[in-house]
Amino acid sequence: MALFTKCATVLVGLLTLSDITMSESLATMRPRAEAAGRERVSLNDRWRFQRFVDNPDGLSYDILKPWILPAANDYLSGTRYDRPSEPGPGSNVTFVQPGFDDAAWEAVNLPHDWAASGEFDFSEDVSGGTGRLPFTGIGWYRKSLSIDARVVDSGKSIFLDVDGAMAYATAWLNGQLVGGWPYPYNSFRLDLTPYAKAGDNVLAIRVDNAPESARWYPGAGLYRSLNLVTADPVHVGYHGSYITTPTVSAEQASVSLRIEVENKGNLTQTVQVTSEIFELDSKSRKASGDAVAKIAASTATVSGGSKYSVNGSTTITNPKLWGPAPKQTPNEYIAMTTISSNGTVLDTYETPFGIRTVEYDPNQGILINGEHVPVYGSCNHHDLGSLGSAFNYRAAERQIEILQEMGNNALRTSHNPPAPEWLEIADRLGLMVMDEIFDTWNYAKVENDFHLLFPEWSEADLRTFIRRDRNHPSIISWSIGNELPEQSNSTGTATAKRLQDIVHEEDLTRHVTVGMNNAGPNTGLAAEIDIIGLNYQGEGKGSASSGSFAAFHSKFPNKMIWSTESASTVSSRGVYVFPVTSNKSAIVGGGPGEGGDPINSHVSAYELYAPSWAASPDKVFEQQDRNPYVAGEFVWTGWDYIGEPTPYDNSSRSSYFGIIDLAGFKKDRFYLYQSRWRPDFPHVHILPHWTWPDREGQVTPVHVFTSGDEAELFINGKSAGRQKRGQYDYRLRWDNVTYTPGEISVKAWKNGEEWATSSHRTVGAAAALNVTADRTTIHGDGKDLSFVSVAVVDEKGDTVPQADNEITFSIASGPGEIVTTDNGDPTDPTAFPSKTRKAFNGLALAIIRAEAGSTGEIVVEAKADGVSAGKVTITAS
Ligand code: GAL
């Protein structure tokens, strides 16, 4: 009992990790649960790392598996795995031994992606599918940590929380095998308590990335955050809170909270569990003001080595609801749970949440808080462009902000769980999320993908995923998979049923979906799944003039339908290929009117071209409008990503699918979506640019995207005609314009009123570099970023549309660092950390970070031969 009567607050701060930063910036790390009795410390800084192309240790998942599988036990309804009684393998490997001298290994901070800074491999026999970066091999990470004797002596539990590790992560503490988790996108906890000692400890983590393990660029290494958590043996378990709001009205919301109390000690303990609810301050992520509700104390008697759940409920009057921006407001609350024993606080735990209702209406789509919200969504991969897969809060926030500027109100985490902080951004900024877990089930898409783990791990992976994420108000649906090879057969149906049942056991408040690209209305999968999720087939693949929305709707009149994946339109920013198809959508190819430029590996940004299974935005919009019961779409993709450079897999390294390029520059398509998704935002966009020295006298179609309903085009001041949009027209096109230098301009109207104007003029020679930053003040914490854009401009300050000047970036003064550069060109072979980068169609980007602990002005300079240099000043504070 002495163990539990100690005042828990005295223990805070006893964990002394001499070589790590105790407090990380809010911009990069958001502590979820910390306070009396519990301490959570970032382990992100000061690791040593070494990559090995060939296996250096003789270990493999097959050898380690008996010691790793027991980690699944907490998430299994049937079979449990016993840890073998003998010590685990690996203790003879020098890298796990405390005395090993790792001074020659690379010093790194987490999140870390060892491959993103590597050279691209453009050898002929290498496909661009996984991005040509060196992500394969075995990676070893080592870190020493010092644990205060009082933590160990007081019998505290010591946990390692890993937000995600690529892949097959296995950990040793002080030479002893602790355990691991193979699926690289899930978060997991390992119990270090039996292996920890007072004083110096050495943690060693091995990750293993096989070739052919992904269809896209996965990244490599400890690419998300790691934390060390110490807690009283009686504490809220890992992801041990579950909040629902069963009834919600403007006057009152009921809140139910289930808390799982875990007792890691040997003795039975009787504890009291209470919770208070506060409004959450969205910026600080802390409780604000006085409690708005309280959940009365429940008593839990928990025997040693077991768990016990207590349920409580309360009501909140006049609740501030969470709803998607911009029409609704993403208000959040936080429940602060306390476990105490005889008046002594043993643990406190924070659960941020939101109050809202979601309805899935087969005839209207999604209703949030009773209001219909069309799904204007995008699919996105987890990489962050030139930063690779290493999670960075600001980079992820920027991606979502730019999507939101387009009117994007929903995100699909294709095809795997995101970083936990990513969901926090979605909650805070008010986006709806389809949280997706798997790309494969029983059958392979590539040789070493998740199908190898599926039989033993799918239940555990799915349950831990739902338990981690189910309190996020942004999540409106769970997706259990994408384009499974077994989608049309009985294995697929049975697997879908098993997985969906698991989801329902873990969370009954959201409907489940799956991305079906082939399974038709008569398949078992379609009959089984809560929400019909269609990839491409809804609107009709390729040149098909219509698709399968109607057939699904008539077969399943009581199920909601949405496009889990649509469009897959391909384009290179600022590239225009002639002639232009006169069709609404065309299959990309190298022939006339097919949009491709196979010599330079680029696709035309007239935004009309897609692979054979896909379609232009215009075609998708038409089919969504003709079938208005469809809830909406998730476009493939919002942002370009590393890998999958269809249609030029043999010559490129990053995708063409993005509405926004890899560097964050908007393709023309951005404005087409913005026209539809933000109909009240006055704008008009005109393409192509108007600097074509070798096209004089040639037909050069002009297309206009506008949220207005009518527009008039002027060429050198002379009207080329006024056009009104028809019911299923989403662009206005003047396809017979003959190019003459000068100016093209457009005036748009809406409901007869002037709405917006825009123009392009023929520019002169490149004269200067115009340098701007997305944020000119950043935190000096070594994590926050400023995204610095360079436009190559002519004497009048207009961007030179085809400029490819080689730009050299430097820090002229101040405590800053150039992390990476990019330009959005999927063919660019220059490594991401290079300080020199060619402009791609007039633009380039440098990502700047301030040194940790620094303040002051950072001057970023860009230079190129023959043009005036430019600079921008960023303040670190
Ligand atoms: C889909 C698939 C996505 C991506 C896309 C490219 O079939 O689900 O992951 O590969 O095609 O068009």
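Please read these numbers as outputs of a predicted model, since none were measured by experiment. (Residues numbered from 1 in each chain as written. Predicted model: local features only at pLDDT ≥ 70, side-chain atom pairs only at ≥ 80, totals over all residues. Heavy atoms only, no water.)

**Overview of the overall build of the protein**
Then step 1. Counting its secondary structure elements, the protein contains 12 helices and 48 strands.
Then step 2. Against the globule reference of 29 Å for 877 residues, the protein gives a C-alpha radius of gyration of 28 Å, in line with a compact fold.
Then step 3. Each of the three principal axes of the protein carries a C-alpha extent, and together these read 90 × 60 × 50 Å.
Then step 4. Considering only contacts in the protein between residues 6 or more positions apart, those separated by 24 or more positions represent 73%.
Then step 5. The protein carries 75 positive and 106 negative side-chain charges, and their two centres are separated by 3 Å. (Helix = DSSP H or I, 4+ residues; strand = E, 2+ residues; numbered from the N terminus. Rg over C-alpha atoms; globule rule 2.2 N^0.38 Å. Contact = heavy atoms within 4.5 Å. Lys, Arg positive; Asp, Glu negative; His and termini not counted. Charge placed at Lys NZ, Arg CZ, Asp CG, Glu CD.)

**Re the sheet that holds strand β17 (residues 344-353)**
Then step 1. Read across the open sheet, the four strands follow the order β14-β13-β16-β17; overall the sheet is antiparallel. Both outer strands of the open sheet, β14 (286-302) and β17, are each paired with one neighbouring strand and no more. Going across the sheet, the axis of each strand differs from the next one's by a mean of 20°, ignoring polarity.
Then step 2. Sheet topology note: the strand β16 (residues 333-341)/β17 ladder contains nine bridges and is antiparallel. Looking at the pairing, Ser340 lines up with Val345 of β17. (Pairing = 2+ DSSP bridges. Axes fitted to C-alpha atoms, helices over the stretch in contact; angles between N-to-C directions.)

**Looking at the site of the ligand**
Then step 1. Close to the ligand lie Arg215, His415, Asn482, Glu483, Asn535, Tyr536, Glu565, Ser568, Trp613, Trp636, Glu644 and Phe657.
Then step 2. Measuring from an oxygen atom of the ligand, one finds a side-chain N or O atom of Ser568 at 2.6 Å.
Then step 3. Glu644 places a polar side-chain atom, nitrogen or oxygen, 2.4 Å from an oxygen atom of the ligand.
Then step 4. Protein burial of the ligand: of its 310 Å² of free accessible surface, 94% is covered by the chains.
Then step 5. Residues belonging to the shell around the ligand are distributed by class as follows: four nonpolar, four polar and four charged. (Near = heavy atom within 4 Å. Polar contact = N/O pair within 3.5 Å; in protein donor to acceptor, adjacent residues only side chain to side chain. Areas by Shrake-Rupley, 256 points an atom, 1.4 Å probe, with all protein chains shown as cover. Nonpolar A, V, L, I, M, F, W, Y, C, P; charged D, E, K, R; others polar.)

**Here we look at the pairing of strand β24 (residues 475-482)**
Then step 1. Summarising burial for β24: eight of the eight residues are buried, a large majority.
Then step 2. As paired strands, strand β23 (residues 432-436) and β24 are joined by four bridges and run parallel to one another. Note on β24: the bridge partner recorded for Glu436 is Ser479.
Then step 3. Inspection of the sheet shows β24 paired to strand β25 (residues 511-516) by four bridges, in the parallel sense. By the bridge assignment for β25, Asn482 is matched with Gly515.
Then step 4. Note that the unit made of β24, helix α8 (residues 490-506) and β25 has a crossover that is right-handed. (Buried < 20%, exposed > 50% of the residue type's maximum accessible area, 1.4 Å probe, protein only. Right-handed = clockwise from strand over helix to strand, strands pointing away.)

**Quick look at helix α5 (residues 393-405)**
Then step 1. Its 13 residues place the ends of α5 18 Å apart at the C-alpha level, agreeing with the 18 Å of an ideal helix rising 1.5 Å per residue.
Then step 2. Tucked into the core, α5 has its buried residues touching β21 (375-379), β22 (410-412), α6 (420-429), α12 (669-677), β42 (785-793) and β46 (843-850).
Then step 3. Structurally, the start of α5 carries an N-cap: the backbone nitrogen of Arg394 is 3.0 Å from a side-chain oxygen of Asn392.
Then step 4. Looking one or two residues beyond α5, the residue adopting positive phi is Gly407, at roughly 100°. (Expected span 1.5 Å × (residues − 1).)

**A word on the UniProt feature "domain: Glycoside hydrolase family 2 catalytic" (unreviewed entry) in the protein**
Then step 1. The UniProt record marks residues 364-517 with the feature "domain: Glycoside hydrolase family 2 catalytic" (unreviewed entry), using the residue numbering of this structure.
Then step 2. In the segment residues 364-517, helix accounts for 36% and strand for 21%; the C-alpha atoms at its two ends are 22 Å apart. (UniProt positions renumbered as here; feature names shortened; annotations may be inferred.)

**Description of the pairing of β23**
Then step 1. Counting buried residues along β23, five of its five residues qualify, which places the element largely inside the surrounding structure.
Then step 2. Side chains of β23 alternate between two faces, with Met432, Met434 and Glu436 and Val433 and Asp435 buried alike.
Then step 3. Of the pairings in the sheet, the one linking β22 to β23 comprises three bridges and is parallel in character. Residue pairing for β23: Ala410 is matched across the bridge by Met432.
Then step 4. In this view, the connection linking β22 to its parallel neighbour β23 by way of α6 has right-handed handedness.

**Things to note about the environment of Val800**
Then step 1. Tracing the chain through its elements places Val800 in the loop between β42 and β43 (806-813).
Then step 2. Measuring from C-alpha to C-alpha, the distance between Val800 and Ala766 comes to 6.2 Å, with 34 residues separating the pair along the chain.
Then step 3. Beyond its immediate stretch of four places on either side in the chain, Val800 contacts Val763, Gly764, Ala765, Ala766, Val792, Val793, Asp794, Asn841 and Gly842.

**Overview of the nonpolar core**
Then step 1. In terms of nonpolar packing, the biggest core is built from 198 residues, with Trp47, Trp140, Tyr141, Leu160, Ile366 and Trp562 touching the most fellow members.
Then step 2. By size, the runner-up hydrophobic cluster in this structure holds 25 residues, among which are Val790, Ile807, Ile858 and Ile874. (Core = buried A, V, L, I, M, F, W, Y, C linked by side-chain atoms within 4.5 Å.)

**Points about the confidence of the model for the protein**
Note: predicted coordinates in regions of low pLDDT should not be interpreted at a detailed level.
Then step 1. When pLDDT is averaged along the protein, the result is 95, and 96% of the positions lie at 70 or above.
Then step 2. Within the model, pLDDT remains below 50 along residues 1-35, and this stretch shows 102 contacts once partners closer than five positions in the same chain are excluded. (pLDDT = per-residue confidence, 0-100.)

**Quick notes on the packing of aromatic side chains**
Then step 1. One pass over the structure, following the stated rule, counts 39 aromatic pairs.
Then step 2. Taken together, the ring pairs in this structure connect Phe52, Phe95, Phe100, Trp105, Trp140 and Trp172 into an aromatic cluster.
Then step 3. We note Arg626 situated over the ring of Tyr728; from NZ or CZ to the ring centre the distance is 3.9 Å.
Then step 4. One Lys or Arg, Lys666, reaches over the ring of Phe670 and ends 4.9 Å from the middle of that ring. (Phe/Tyr/Trp six-rings, centres within 6.5 Å; stacked < 30°, edge-to-face > 60°. Lys NZ or Arg CZ within 6 Å of the ring centre and 35° of its normal.)

**Side note on the sheet that holds strand β8 (residues 188-191)**
Then step 1. Across the sheet, which stays open at both edges, the four strands sit in the order β1-β10-β5-β8 with antiparallel pairing between neighbours. Across the chains shown, the open sheet's two edge strands, defined by having one partner strand only, are β1 (38-42) and β8. For this sheet, the mean inter-axis angle between neighbouring strands, taken without regard to orientation, is 25°.
Then step 2. In the sheet, strand β5 (residues 157-162) pairs with β8 via four bridges, with the strands oriented antiparallel. For Leu160, the partnering residue across the bridge sits in β8 and is Leu190.

**A word on the side chain of Ser604**
Then step 1. Along the polypeptide, Ser604 turns up in the loop between β30 (602-603) and β31 (609-610).
Then step 2. Ser604 sits in the buried class, given a relative accessible area of 0%.
Then step 3. Excluding its chain neighbours within four sequence positions, the residues that come into contact with Ser604 are Val570, Ser571, Val575, Tyr576, Val577, Gly595 and Tyr609.

**Examining the packing of helix α7 (residues 454-469) against α8**
Then step 1. Contact pair α7 / α8: the axes reach a minimum separation of 9 Å and the direction vectors enclose 30°. One finds that α7 runs roughly parallel with respect to α8. Considering the relative orientation of α7 and α8, their crossing is right-handed. Across the interface between the two elements, Phe454, Ser458, Glu459, Leu462, Arg463, Ile466 and Arg467 of α7 pack against Thr495, Arg498, Leu499, Ile502, Val503, Glu505 and Glu506 of α8. (Parallel < 35°, antiparallel > 145°, perpendicular 65-115°, else oblique. Left-handed = near helix turned anticlockwise from the far one by under 90°.)

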